Amino acid sequence: MEPELHPDLEPLKFLLGAWEGAGVGGYPTIEDFRFGQEMSFTHIGKPFLIYASRTWMLEEDGSLGRPLATESGYWRPRPDHQVEVMLAHPTGITEIYQGNAAFNRVELQTDVVARTESAKEVTGGTRLYGLIGEDLGWAYDMAAMGQKLQSHLSAQLKRVG
Ligand code: HEM
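These remarks concern the structure in this document. This structure is a prediction, so every number in the text was calculated from the model and none was measured.

A short note on the pairing of strand β3 (residues 49-58)
- Burial within β3 is extensive, with 7 of its 10 residues counted as buried.
- Inspection of the sheet shows strand β2 (residues 30-42) paired to β3 by 8 bridges, in the antiparallel sense. Within β3, the residue paired with Met39 across the bridge is Ser53.
- Pairing between β3 and strand β4 (residues 64-78): 8 bridges, direction antiparallel. In the strand pairing of β4, Ser53 is matched with Glu71.
- The antiparallel pairing of β3 with β4 creates a hairpin that spans 5 residues between the two strands, and Gly62 there sits at a positive phi of about 90°.

Some details on the pairing of strand β7 (residues 105-115)
- Sheet topology note: the strand β6 (residues 93-102)/β7 ladder contains 10 bridges and is antiparallel. Bridging from a neighbouring strand, Tyr97 pairs with Thr110 of β7.
- Hairpin connection between β6 and β7: a loop of 2 residues separates the two successive antiparallel strands, and Phe103 in this loop has a positive phi of roughly 50°.
- In this structure, β7 lies alongside strand β8 (residues 122-132), joined through 5 bridges in antiparallel fashion. By the bridge assignment, Glu107 is partnered in β8 with Leu128.
- The antiparallel pairing of β7 with β8 creates a hairpin that spans 6 residues between the two strands.

Let's talk about the packing of aromatic side chains
- Tallied over the full model, the rule gives 7 aromatic pairs.
- When the centroid spacing of 5.1 Å and the interplanar angle of 40° are considered together, the rings of Phe41 and Tyr51 count as tilted. Here Tyr51 lies in strand β3 and Phe41 lies in strand β2, a separation of 10 residues in the sequence. This pair shows no difference in class: Phe41 is buried, exactly as Tyr51 is.
- Residues Phe48 and Tyr74 carry aromatic rings whose centres are separated by 5.6 Å and whose planes lie at 90° to one another, so their mutual orientation is edge-to-face.

Cut-offs applied
- Residues numbered from 1 in each chain as written.
- Predicted model: local features only at pLDDT ≥ 70, side-chain atom pairs only at ≥ 80, totals over all residues.
- Heavy atoms only, no water.
- Buried < 20%, exposed > 50% of the residue type's maximum accessible area, 1.4 Å probe, protein only.
- Helix = DSSP H or I, 4+ residues; strand = E, 2+ residues; numbered from the N terminus.
- Pairing = 2+ DSSP bridges.
- Phe/Tyr/Trp six-rings, centres within 6.5 Å; stacked < 30°, edge-to-face > 60°.

In structure tokens:
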């Protein structure tokens, strides 16, 4: 049964569905790279979105290479266009973001980054998601490895479902 969208999800509705595309990444401590990405936002009729992302290295010839980062979590709309986002990473990192959603755009900044003992040193981040025409664009800046907050990733995705 297709659940009815919870009315609180209205500001995040533009994210719903499955997305695919490509992006670029880098950081002062690593080589620049290109990546392919699959992303999905689903709901079950309750006031949160279920989020998942997988990525792969994008080779020179356009084929997908080795798997890169994957992440999953929940997006929780709050009153007055506020949003809370919780993300878990298999790299031993969890992030809790606080932000706002308006005009098909979400801006997030980390409230907390928690790490296991073996995780790399990530201390903060900001994310931006927004519609670019019909595409979904997103960008991630991070403070990590002793570096100041700066771009790690950006991508543009097309709706596939
Ligand atoms: C979602 C898509 C992401 C992609 C495609 C990606 C890709 C990469 C790649 C290719 C590297 C170079 C090392 C390697 O080859 O594995 C890397 C390093 C790194 N990434 Fe990401 N990443 C993503 C998300 C994230 C997130 C969300 C975080 C933090 C929560 C993060 C934190 C780091 C850190 C700390 C390094 C290591 C830098 C170093 O060793 O100096 N990445 N990433």
